[in-house]
Amino acid sequence: MRLGVLDIGSNTVHLLLVDAHPGARPVAFASHKRPLSLVQYLDGDGNITDAGQHELIEFVLEAWEFAATHKAEDLLAFCTSAIREATNGPEVLARVKHETTVTLQELTGSEEASMTFFAVRRWYGWGAGPVLDLDIGGGSFEMAYGTDELPEFATSVPLGASRLTRDWLHDDPPTAKSVKELRRYIRSTLKPVVRQFDDLGRANLVAGTSKTFRSLARIAGAAPSAAGPYVKRELHAADLGLWAQRISAMTVEDRLYLPGVSDARAPQLLAGALVAEAALELFEFPSMVICPWALREGLILRRLDQLVFEDALDPAPHVGKRKKDKSKKKSKESGKTTDIDEPHPVKEFPVPVNTPSPSPIPAPVAGGLAS
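Keep in mind it's a predicted model, so treat the numbers as computed, not measured.

So, how was this worked out
- Residues numbered from 1 in each chain as written.
- Predicted model: local features only at pLDDT ≥ 70, side-chain atom pairs only at ≥ 80, totals over all residues.
- Heavy atoms only, no water.
- Helix = DSSP H or I, 4+ residues; strand = E, 2+ residues; numbered from the N terminus.
- Buried < 20%, exposed > 50% of the residue type's maximum accessible area, 1.4 Å probe, protein only.
- Contact = heavy atoms within 4.5 Å.
- Phe/Tyr/Trp six-rings, centres within 6.5 Å; stacked < 30°, edge-to-face > 60°.
- Lys NZ or Arg CZ within 6 Å of the ring centre and 35° of its normal.
- Core = buried A, V, L, I, M, F, W, Y, C linked by side-chain atoms within 4.5 Å.
- Pairing = 2+ DSSP bridges.
- Salt bridge = Lys/Arg side-chain N within 4 Å of Asp/Glu carboxyl O.
- Axes fitted to C-alpha atoms, helices over the stretch in contact; angles between N-to-C directions.

Q: Mind showing me how you'd approach the overall build of the protein here?
A: A count of helical and extended segments in the protein gives eleven helices and 13 strands. Counting every position in the protein, which comprises 371 residues, the buried fraction comes to 52%. Within the protein, counting contacts between residues at least 6 apart in sequence, those at least 24 apart form 70% of the total.

Below, the structure written as structure tokens:
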């Protein structure tokens, strides 16, 4: 089946389409996204402004059309801290549903951490032993530990890279005083939370599951994304400390020359590095591995598990059947990025412009979080 996951994050809004069936690795079919920092649309009272809501609704409609055009059979739509912590979050969700018919499911911080941990466990398997997962988002920082598929303990703190940059790092480059104060704030926020993990046991594997961690690992010498997901990527605390110092002296423009740093990530790179540095120090780990799967994959896998019990599905292809080769196409336009993987011969699926919308996807609502 073709499954869509619509992710309304703090930095980007992203629709991922995958081809998958229970028991198989989800294979990305198409990706459609755009930068949209909802935290930049907060007013003085913490409300998402009308302009921010308009941008959000426009993308949700665009994503639904994209999913329908590419014949998605199911759509999971969710939002994280950007809407969860907005003062008018419930009103924004109601407006999105009214104007698009799409229900955005609001994940709590612990649910977000749990589903990300679930993806990590599926990626590394039981052989990884006890796992500690760390995920730095735009608005929050999630941590989860466990020995099973779902964590024994999962929590979230308001230490997202975008949030910290907006609240603490006002100059470019930041002043030494502001960096010192931010370091102190991060540690004072994390210490009591890290202590809650003390009685759970020692992790055998520490995983980082966010673009912030991937960017930091790339800067520190890890393989580029072009090398593929199976290349082992690590981030060492010693390298992290060194690069945090270097980045603190750089302007946002200078950071763009670092490998793996995008326009959207450059401003918040330092805040993310400081959170990562403090986390490894307080959890007392010298390094971590970078996991290519995160929240979206966790939701996809959870949904596929549900389908095993909910519906009679077609059997999986025979094990011995060879799969067709794949090619990749990429197109960019006006701040949006679309990646499409298709079997040969290549078949084009253009999004119609100024034409009637395609038939709606059946039940375009959120799901996949049942316990």
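Q: Would you mind showing me how to read the environment of Pro259 here?
A: Here Pro259 shows up in the loop between helix H9 (252-255) and helix H10 (269-283). Along the backbone, Pro259 and Arg218 are 41 residues apart, and their C-alpha atoms lie at a distance of 6.4 Å. Beyond its immediate sequence surroundings of up to four residues, Pro259 is in contact with Ser215, Arg218 and Ile219.

Q: Please clarify how the packing of aromatic side chains should be interpreted in this entry.
A: The geometry of an aromatic ring pair is captured by the separation of the ring centres together with the interplanar angle, meaning the angle of the planes. On inspection of all chains with the given rule, the structure shows five aromatic pairs. For the ring pair Trp123 and Trp293, a centre distance of 5.1 Å and an interplane angle of 65° mean the geometry is edge-to-face. You can see Trp123 sitting in helix H4 (residues 109-124) and its partner Trp293 sitting in the loop between strand E11 (287-290) and helix H11 (295-310), a full 170 residues away along the chain. Taking relative accessible area as the criterion, Trp293 reaches 13% and is therefore assigned buried. Joined through ring pairs, the aromatic side chains of Trp123, Tyr230 and Trp293 make up one cluster. Over the ring of Phe285 we find Arg202; its NZ or CZ atom is 3.7 Å from the centre of that ring.

Q: How do you make sense of the nonpolar core when you look at a structure like this?
A: Soluble globular proteins: nonpolar side chains tend toward being buried together. Formed by 49 residues in total, the largest nonpolar core has its most connected members in Leu132, Leu134, Phe141, Met143, Ile186 and Leu190. Of all the elements in the fold, those that place two or more residues in this core are strand E6 (131-136), strand E7 (141-146), helix H5 (161-168), helix H6 (176-195), helix H7 (211-219), helix H8 (237-248), H10 and E11. Broken down by element, the residue count for this core peaks at twelve residues, all from H10.

Q: In this structure, what is going on with the pairing of E11? I would like to understand it.
A: Consecutive residues of a regular strand have side chains that alternate between opposite faces of the sheet. The pairing of strand E9 (residues 205-208) with E11 spans two bridges and is classified as parallel. Its bridge partner being in E11, Ala207 is matched across the sheet by Val289.

Q: Hey, could you run me through H7 in this one?
A: For an α-helix, 3.6 residues make a turn, and residues three or four places apart therefore share a direction. Within H7 the residues assigned to the buried category are Thr212, Phe213, Ser215, Leu216, Ala217 and Ile219. Directly after H7, the chain includes Gly221, whose backbone phi takes a positive value near 115°.

Q: For this particular structure, what's the right way to read the pattern of salt bridges?
A: Any two side chains of opposite charge can pair, given that their charged atoms come close. In the structure shown here, the tally under the stated rule is 16 salt bridges. Glu62 is paired through a salt bridge with Arg34; the nearest N and O atoms lie 3.0 Å apart. Remark: Arg34 occurs in strand E3 (residues 27-35) and Glu62 occurs in helix H1 (residues 50-69); sequence separation between them is 28 residues. Arg34 sits in the buried class, given a relative accessible area of 10%. A salt bridge links Asp167 to Arg166; its shortest N-O distance comes to 3.0 Å. By relative accessible area, which is 29% here, Arg166 ends up partly exposed. Through salt bridges that share partners, Arg34, Glu55, Glu58 and Glu62 make up one connected network.

Q: Got a minute to help me understand the side chain of Glu277 in this structure?
A: Relative to the elements of secondary structure, Glu277 occurs in helix H10. A residue is classified by how much of its surface remains accessible, and Glu277, at 15% relative accessible area, is buried. When near neighbours in sequence (up to four residues on either side) are disregarded, Glu277 contacts Arg183, Arg187, Leu240, Gly241 and Ala244.

Q: How should I be thinking about H5 in this particular structure?
A: Every buried residue of H5 is listed here: Ala161, Ser162, Arg163, Leu164 and Thr165. Turning to H5, the residues buried within the fold contact E6, H6, H7 and H10.

Q: I tried to follow the sheet that holds E9 on my own but got confused; where do I start?
A: Picture the strands of a sheet paired through backbone hydrogen bonds; they go either parallel or antiparallel. An order of E8-E7-E6-E9-E11-E10 is seen for the six strands of this open sheet, with the pairing classed as mixed. Of all strands in the sheet, those with a lone pairing partner are strand E8 (153-157) and strand E10 (234-236), marking the two edges. Strand-to-strand, the axes of this sheet are offset by a mean angle of 25°, without reference to chain direction. For E6 and E9, the ladder comprises four bridges, and the chain directions are parallel. What sits directly across from Leu132, in E9, is Val206. Docked against the sheet, H4 engages E6, E7, E8, E9 and E11, running at close to 55° with respect to E7. Against the sheet, H8 makes contact with E10 and E11, and its axis sits at roughly 70° relative to E10, the strand it touches most.

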